[in-house]
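Structural overview
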Amino acid sequence: MLTLLRDLRRLRRSVALPAPGRGRSLAVRHVDAGSCNGCEHELTLASSPYYDLQRFGLGIVASPRHADVLLVTGPVTTRMREPLLTAYAAMPEPRLVAALGDCALGCGVLGSPQELVGAVDTLLPVDLRIPGCPPRPDEIAAALLELVDAARA
Amino acid sequence: MTPHSAASYRAVVEDALAAGWRFAGLHATAQGALVRAALVDAGGRLRLESVLVDQNVSVPTIVDLAPSAGWDEREAHDLFGVRFAGHEPMRPLVDHDLELSRWTVPVRGHDAYQVAVGPIHAGVIESGHFRFHLVGDRILHLDARLFYKHRGLERAAEQSTLERGAAYVGRACAACAVANGLAYAHACEEALGLRPPPELMRVRTILLELERAWSHLNDLAAVCAGVGFAAGNNRFAALTERLRRLNADLTGHRFLFGIVRVGGSALELDSTAVRSAAATVASVRAEAASAWRELSFNGSVVDRLPGVGVVDAEDAVRLGTVGPAARAGGLREDARAGDPRLAYAGFETVVPDQPAGDVEARTTQRVLELRQSLDVLETLLDGPVRATPAQRTGVEAPIGAARVESARGATLCVVERSGDLLERVRLRTGSYANWPSVAFAAADNLLPDFPLINKSFELCYACADR
């Protein structure tokens, strides 16, 4: 098991991200508002050994009550509209919203208009846009790190 | 294909099932004019039996003959207004009824209570709602309400060209983009009378196994997460990342989006790229084997797996379970074996030594299938790739149907066309087929084991909801 953990430590040194230790952190709550699961798979790997977002103080938390950032994926389906708004309302202020992936940004969305509400910014004030279909884990990591810097300023 | 009358439709389906055909899917055609049931035989042959939807006569249900038709009939009811005589109660599936009693099974009695989970889950998980009926920690029954992610992709694809339709099907699910795309391409090619030449079959098989390999590694990571074993989770997540990077190196996209096309493939690889891919596959194979060996000696993991969330072979037949979940119960069925449109010569379906149908068997099955996928890749990655387009050899038809084995199980696609335009496309994925099995497997287990049971199936919500 020790070799295993050593291997994992080596992996994350192979990705060019700035060194941790900025002294700030953000708690992120993810909401899937109708994605194809691509953004979720990439977000999951952003926490994997290659990227290890936690070392920058970026953690995924279990409840919007604990969250600074609402990270939303998908074109916002009619059936996810209420749960999304409820999650946002449950967050303490100040709160930020990040739209992850092209669907959440409203570009190139496939689907029936009657099943979709529209881009995340038609419902909530969006502070960070992360384009891509889906964005790669390092792109997600880099964008969220910008948000840490902005929160610090 | 002449539609049956309401009376003879049921008899035809009943006779087919008695003769060994199995239910493979059911859908309403455009504007709900017809209902078509798809049946498959042991050799993977498909046939469609249709019935005219009449304003005055309800379509007879087949849910008592094939319980796996339950979701399909509910979907046809919710999206196309088709009424099925004898399907009682007709619970909403795609429609979200706020009245709890209309979509849950009534469970009453001393100490029985409910736990509601979702649609937003605690981790990075897709949206869906689970309502557990419990006594203490023991699950009596689970009602799953999905379709929070219903985007109306099938309806949106109507009236687009067959070529453009691939975009809708491909975006149904990132984890099954190749499997769904191939099921669609094969169905279209069936309708167009096209046959893939051997080189196209080889490219498509490589793509399908690249997708399966990362998917199975991701599933093994998820099972580790399900028992709270972070080191194992990280190990398999790192391997998943390596294969996603390989996908990007080979095709320019980590999820292989947009590579599968109707009638051909745009992928070209020179021998250097193929050699380097084969080397990556070999190294992932070695690392995955060593990670699995470490895992299988870790008591805190292996003690959690046996006897949990059982779906045995008999259950699997009744529930219409497909893919690794069915094979883990001992059902030796894999749509890859004998698929005439893909390069699976000599492929043999594997099942675990002890096909108990529990979480342990499903986990072992993934390991076996991962090995098999990497074997297929190493065999096929033996030279440069340049596919020639499919050739017209057969007759054209207004309907085409095909089944492709995704990482979660057989995925059926039915395409109905008018010239080059899509009249209707139905995608019935392995996830769609298996969700009822997850609910079945959960019953009689402990609530804290549900995440593990769920992850051992590792189904997509996006694939089911569309």
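Everything quoted here is computed from the prediction, not taken from an experiment. (Residues numbered from 1 in each chain as written. Chains lettered and ligands numbered in written order. Predicted model: local features only at pLDDT ≥ 70, side-chain atom pairs only at ≥ 80, totals over all residues. Heavy atoms only, no water.)

1. Some details on the overall build of chain A
A tally of helices and strands in chain A yields five helices and five strands. Reading chain A from its N terminus to its C terminus gives the helix and strand order α-β-α-β-β-α-β-α-β-α. The buried share of chain A, taken over its 153 residues, is 54%. Here chain A has roughly 6400 Å² of accessible surface; of this, 53% comes from carbon and sulfur atoms. (Helix = DSSP H or I, 4+ residues; strand = E, 2+ residues; numbered from the N terminus. Buried < 20%, exposed > 50% of the residue type's maximum accessible area, 1.4 Å probe, protein only. Areas by Shrake-Rupley, 256 points an atom, 1.4 Å probe, with all protein chains shown as cover.)

2. Observations concerning the packing of helix H2 (residues 70–80) of chain B against helix H14 (residues 430–442) of chain B
Residue and element names in this part refer to chain B. At a minimum axis separation of 10 Å, H2 and H14 run at an interaxial angle of 115 degrees. Classified by the angle their axes make, H2 and H14 are roughly perpendicular. Residue-level contacts link Trp71, Asp72 and Glu75 of H2 to Tyr432, Trp435 and Pro436 of H14. Tallied by class, residues from the contact of H2 with H14 come to four nonpolar, no polar and two charged. (Axes fitted to C-alpha atoms, helices over the stretch in contact; angles between N-to-C directions. Parallel < 35°, antiparallel > 145°, perpendicular 65-115°, else oblique. Contact = heavy atoms within 4.5 Å. Nonpolar A, V, L, I, M, F, W, Y, C, P; charged D, E, K, R; others polar.)

3. Focus: the interface of chain A and chain B
Each partner contributes residues to the interface: chain A has 47 residues there, and chain B has 50 residues. Buried area between chain A and chain B, summed over both chains or domains, comes out near 3700 Å², and the portion from carbon and sulfur atoms is 61%. Here chain A is connected to chain B by three salt bridges. Note that Arg254(B) and Glu42(A) form a salt bridge whose closest N and O atoms lie 2.4 Å from each other. In this assembly, chain A and chain B are joined by 18 residue pairs in polar contact (both at pLDDT 80 or more). Here the side of chain A that touches chain B gets seven residues from one element, more than from any other, and that element is helix H2 (residues 38–46) of chain A. (Buried area = accessible area lost by both parts, 1.4 Å probe. Salt bridge = Lys/Arg side-chain N within 4 Å of Asp/Glu carboxyl O. Polar contact = N/O pair within 3.5 Å; in protein donor to acceptor, adjacent residues only side chain to side chain.)

4. Considerations on the side chain of His41(A)
Looking at the element boundaries, His41(A) is found in helix H2. A distance of 3.5 Å separates polar atoms of two side chains, one belonging to His41(A) and the other to Arg244(B). Once you skip the residues sitting within four places of it in the chain, His41(A) turns out to touch Ala175(B), Trp214(B), Asn218(B), Arg244(B) and Phe255(B).

5. Observations regarding helix H6 (residues 177–192) of chain B
Every α-helical turn comprises 3.6 residues, leaving residues that sit three or four positions apart pointing alike. Between the first and last C-alpha of H6(B) there are 22 Å, a value that for 16 residues agrees with the 22 Å anticipated at 1.5 Å per step. For H6(B), the buried fraction is high: 15 of the 16 residues fall into the buried class. (Expected span 1.5 Å × (residues − 1).)

6. Some thoughts on the sheet that holds strand S16 (residues 410–418) of chain B
All names here are of chain B. The three strands are arranged S15-S16-S17 in an open sheet whose pairing can be described as antiparallel. Each edge of the sheet is formed by a strand with only one pairing partner; in this case those strands are strand S15 (399–405) and strand S17 (421–428). Pairwise comparison of adjacent strand axes, ignoring direction, gives a mean angle of 15 degrees for this sheet. With seven bridges joining them, S16 and S17 adopt antiparallel strand pairing. (Pairing = 2+ DSSP bridges.)

7. Side note on the environment of Asp121(A)
Residues and elements named next belong to chain A. One can find Asp121 in the loop between helix H4 (102–105) and strand S5 (128–130). Between the C-alpha atoms of Asp121 and Gly106, which are 15 residues apart in sequence, the distance is 8.6 Å. Setting aside residues up to four positions removed in sequence, Asp121 forms contacts with Val126 and Arg129. Within the structure, Asp121 has its side chain in polar contact with the side chain of Arg129 (distance 3.1 Å).

8. A look at the pairing of S17(B)
Counted residue by residue, S17(B) has six buried out of eight residues, so it is predominantly covered. Once S16(B) ends, the chain turns through two residues before running back antiparallel as S17(B), passing Gly419(B) with a positive phi of about 65 degrees.

9. So, the nonpolar core
Judged by nonpolar contacts, the single largest core of 118 residues is most densely connected at Tyr184(B), Phe236(B), Val415(B) and Trp435(B). At 13 residues, helix H7 (residues 198–226) of chain B tops the list of elements feeding residues into this core. Not counting the four nearest positions on each side in its chain, Val415(B) is found in contact with Leu162(B), Tyr184(B), Ala187(B), Cys188(B), Pro398(B), Ile399(B), Gly400(B), Leu422(B), Arg424(B) and Val425(B). If you look at the next biggest cluster of nonpolar residues, it comprises 27 residues, including Val15(A), Ala143(A), Leu147(A) and Val148(A). (Core = buried A, V, L, I, M, F, W, Y, C linked by side-chain atoms within 4.5 Å.)

10. Digging into the packing of aromatic side chains
Inspection of the entire model under this criterion finds twelve aromatic pairs over all chains. Note on Trp71(B) and Phe147(B): the rings are 5.9 Å apart at their centroids and 55 degrees apart in plane angle, and the pair reads as tilted. On the criterion of sequence distance, the pair formed by Trp71(B) in helix H2 and Phe147(B) in the loop between strand S8 (138–145) and helix H4 (153–157) is long-range, its members being 76 residues apart. The burial state of Trp71(B) is the same as that of Phe147(B); both residues are buried. Clustering of aromatic rings is evident, with ring pairs tying together Phe130(B), Phe132(B), Trp435(B), Phe450(B) and Tyr461(B). Across from the ring centre of Tyr88(A), 3.9 Å away, lies the NZ or CZ of Arg95(A), which sits over that ring. When the ring centre of Phe80(B) is taken as reference, the NZ or CZ atom of Arg155(B) above it lies at 5.6 Å. (Phe/Tyr/Trp six-rings, centres within 6.5 Å; stacked < 30°, edge-to-face > 60°. Lys NZ or Arg CZ within 6 Å of the ring centre and 35° of its normal.)

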